[in-house]
Amino acid sequence: MALRCFPIWVCPQTTHLSPLVGLDAKRRRFCVSWECSSSASQNAVTAIEGEVPYGRELENPSDAVSLSQETESVTFHRDLSMLPKPLTANSLYSSAGDDSKVRISFQGIPGAYSETAALKAYPNCETVPCEQFETAFQAVELWLVDKAVLPIENSVGGSIHRNYDLLLRHRLHIVQEVHMPVNHCLLGVPGVKKEDIKCVLSHPQALDQCVNSLNNLGIQRISAKDTATAAQTVSSSGKRDVGAIASVRAANIYGLDILAENIQDNANNVTRFLILAREPMIPRTDRPYKTSIVFSLEEGPGVLFKALAVFALRSINLSKIESRPQRRRPLRVVDGSNNGSAKYFDYLFYIDFEASMAETRAQHALGHLQEFASFIRILGCYPMDLVR
C-alpha cells in the first residue's frame with residue numbers, strides 16, 4: 001500500500017479579517033461581508049519522516065535506502081502546537097492587556113482633556129500630542145499611530161463643527177466613544193491662594209463655562225490656545241497673580257497647585273470624544289451599539305421628514321442630528337417659479353442612531369434611506385459608552 005503525504009496550508013501572520021460595508025443599490029438593502037486579506041499566501045507539500053511523497057511506492061528494498069536519503073532533508077517535526085491557531089471572534093478585538101501597544105494621537109500638549117479621554121479608553125496607551133486636529137488624523141493615516149481621539153461635542157458648548165468636517169474629509173472610522181465629565185480647576189504656582197489670582201488663562205470655551213465663578217472672584221479672563229498650554233504658560237512664567245483653568249492631570253504635569261476644583265457653572269458638564277482608527281469595527285449585537293452616518297438629500301417637500309421617518313418606523317432612536325453646509329455646492333438654484341428661481345442652501349446631515357449594523361432593522365433603515373439620499377456614508381458602528 002502506498003503512503004501519501006497530504007498538503008499542509010499555512011496561514012501567514014499578516015492575515016486579518018476586515019469588514020466590507022456597502023449598500024446594494026439594486027436590491028435596496030444593506031449588505032455586510034467579510035474579506036480575508038493577506039500580504040502573501042502559500043501552500044506546501046511536506047513529507048513527514050518515514051513517509052513516502054505522494055505518487056511514489058516502495059517497489060524493492062533498495063528504493064527504501066535511496067528514499068531515506070532523499071527525504072532526510074525534508075523531515076517535518078511532529079509538534080502540531082507550533083502551527084498557527086485559527087482565529088476566533090474574540091481575536092478581532094483588542095483585550096485590556098493590549099493597551100500598552102496602542103499609540104493614540106490627540107490635539108494639544110500633555111495634560112489636555114483629549115489626552116485624559118484617550119487614557120480613559122486605553123489606560124496603558126502611549127499618547128502622541130499633535131499641534132492641530134488635522135495632524136492627529138494624518139498621524140493615523142500615515143501609520144505613525146494606531147488611533148486618534150477627537151472631541152466632537154460638549155453638553156454646554158454644543159457641537160465642534162470643525163471636527164465634523166474632518167470626519168468627512170478623512171477616511172478614518174469611529175471605533176469607540178468616550179463620555180468624560182469636565183472638571184475645570186483653577187490652578188496657580190505653588191504657595192499662592194485663589195484670592196491672589198488677578199487674571200486667568202485658558203481656552204475660550206473653558207473660560208465661558210466658568211464665567212460666574214470667575215466673576216465672583218473678580219478675575220480677568222485671557223484666552224489661550226488650549227487648557228494645557230495655559231497651565232504650561234503659568235508654570236513657566238512663575239507669576240503669582242496669574243492662574244490657569246485646566247485639568248487635574250495638567251496640574252500634576254506642570255507642578256501647579258489646585259486652588260479650586262469643579263469651578264464650571266454647570267455641574268453636568270460632559271464632553272463626548274470619538275476614537276478613530278484606520279479599520280472599522282465589525283458590528284455585533286452582544287451590547288448596545290451606536291452607528292454614525294452622514295448623508296445628503298435632494299431638494300423636495302418633506303424629504304428630510306421622510307429620511308428621518310425610516311428610523312422611527314423601525315423604533316430606532318436618534319441620539320444626535322447635526323447639519324453642515326456643503327462646501328463644494330453651498331447654494332442650489334431651483335427653477336420653475338413664476339417670479340424667477342428659488343435658492344436653497346445644500347446641507348450634509350450627520351446622524352447618530354442607537355442600533356448596530358448587525359441588526360436587520362438598521363440594515364433595512366439604511367436601505368430605505370437610500371431611496372431619498374443622494375449620498376450616504378457610514379462613519380462608524382461602535383459600542384455605546386454607558387459609564388461616566
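Residues numbered from 1 in each chain as written. Predicted model: local features only at pLDDT ≥ 70, side-chain atom pairs only at ≥ 80, totals over all residues. Heavy atoms only, no water.

1. Some thoughts on the overall build of the protein
Within the protein, the regular secondary structure consists of ten helices and 21 strands. By the burial criterion, 41% of the 388 residues in the protein qualify as buried. Sequence separation of 24 or more characterises 74% of the internal contacts of the protein that already satisfy a separation of 6 or more. When the accessible surface of the protein is split by element, carbon and sulfur atoms take 52% of a total near 21600 Å². (Helix = DSSP H or I, 4+ residues; strand = E, 2+ residues; numbered from the N terminus. Buried < 20%, exposed > 50% of the residue type's maximum accessible area, 1.4 Å probe, protein only. Contact = heavy atoms within 4.5 Å. Areas by Shrake-Rupley, 256 points an atom, 1.4 Å probe, with all protein chains shown as cover.)

2. Observations regarding helix α9 (residues 303–312)
All of the buried residues in α9 are Val-303, Ala-307, Ala-309, Val-310 and Phe-311. Check the buried side of α9 and you find it contacts β16 (289–297), β17 (318–325), β20 (347–353) and α10 (360–369).

3. Here we look at the side chain of Asp-165
Within the fold, Asp-165 resides in helix α4 (residues 161–169). At a separation of 2.9 Å, a polar atom in the side chain of Asp-165 contacts the side chain of Arg-324. (Polar contact = N/O pair within 3.5 Å; in protein donor to acceptor, adjacent residues only side chain to side chain.)

4. Structural notes on the packing of α9 against α10
Between α9 and α10, the shortest axis-to-axis distance is 9 Å and the interhelical angle comes to 165°. With respect to α10, the element α9 is oriented roughly antiparallel. Of the two elements, α9 crosses α10, and the hand of that crossing is right-handed. In this structure, α9 contributes Ala-307, Val-310 and Phe-311 to the contact, and α10 contributes Ala-365, Leu-366, His-368 and Leu-369. Residue composition of the contact of α9 with α10, by class: six nonpolar, one polar and no charged. (Axes fitted to C-alpha atoms, helices over the stretch in contact; angles between N-to-C directions. Parallel < 35°, antiparallel > 145°, perpendicular 65-115°, else oblique. Left-handed = near helix turned anticlockwise from the far one by under 90°. Nonpolar A, V, L, I, M, F, W, Y, C, P; charged D, E, K, R; others polar.)

5. Section: the sheet that holds β16
Within a sheet, adjacent strands bond to each other through the backbone by hydrogen bonds, running parallel or antiparallel. With antiparallel pairing, the four strands of this open sheet are ordered in space as β17-β20-β16-β21. A strand with exactly one partner marks an edge of an open sheet, and here the two such strands are β17 and β21 (373–383). Between one strand and the next, the sheet's axes are offset by a mean angle of 15°, whatever the strand orientation. Relative to β21, β16 runs antiparallel, the two being bridged by nine bridges. From the neighbouring strand, Phe-295 faces β21, where its bridge partner is Ile-376. (Pairing = 2+ DSSP bridges.)

6. Considerations on the sheet that holds strand β12 (residues 220–223)
Spatial ordering of the open sheet is given by β12-β11-β13-β10-β14, a layout of five strands whose pairing is mixed. Looking at the sheet topology across the chains shown, the edges are occupied by β12 and β14 (257–260). Between one strand and the next, the sheet's axes are offset by a mean angle of 35°, whatever the strand orientation. Bridging between strand β10 (residues 185–188) and strand β13 (residues 242–246) involves three bridges; their strand directions are antiparallel. From the neighbouring strand, Leu-186 faces β13, where its bridge partner is Ile-245. Seen against the sheet, helix α7 (residues 227–237) touches β10, β11 (199–202) and β13 and runs at an angle of roughly 155° to β13.

7. Focus on the confidence of the model for the protein
Mean pLDDT for the protein: 79, with 69% of residues reaching 70 or above. Element-level pLDDT for the protein is lowest in strand β3 (residues 29–37), with a mean of 39, against a maximum mean of 97 in strand β15 (residues 270–277). This model gives residues 71–78 a pLDDT under 50, and the stretch forms 13 contacts once residues within four places in sequence are excluded. In this model residues 91–97 is a low-confidence stretch, pLDDT under 50, and it forms six contacts with partners more than four residues away in sequence or in other chains. (pLDDT = per-residue confidence, 0-100.)

8. Re the pattern of salt bridges
Scanning all chains against the criterion turns up 14 salt bridges. Taking the shortest distance from any N to any O, the salt bridge between Arg-287 and Asp-286 comes out at 3.9 Å. Classification of Arg-287 as partly exposed rests on a relative accessible area of 41%. The partly exposed category is assigned to Asp-286, whose relative accessible area is 47%. Salt bridges here are not isolated pairs; linked through shared partners, they connect Glu-153, Glu-177, Arg-272, Lys-290, Lys-320, Glu-322 and Asp-352. (Salt bridge = Lys/Arg side-chain N within 4 Å of Asp/Glu carboxyl O.)

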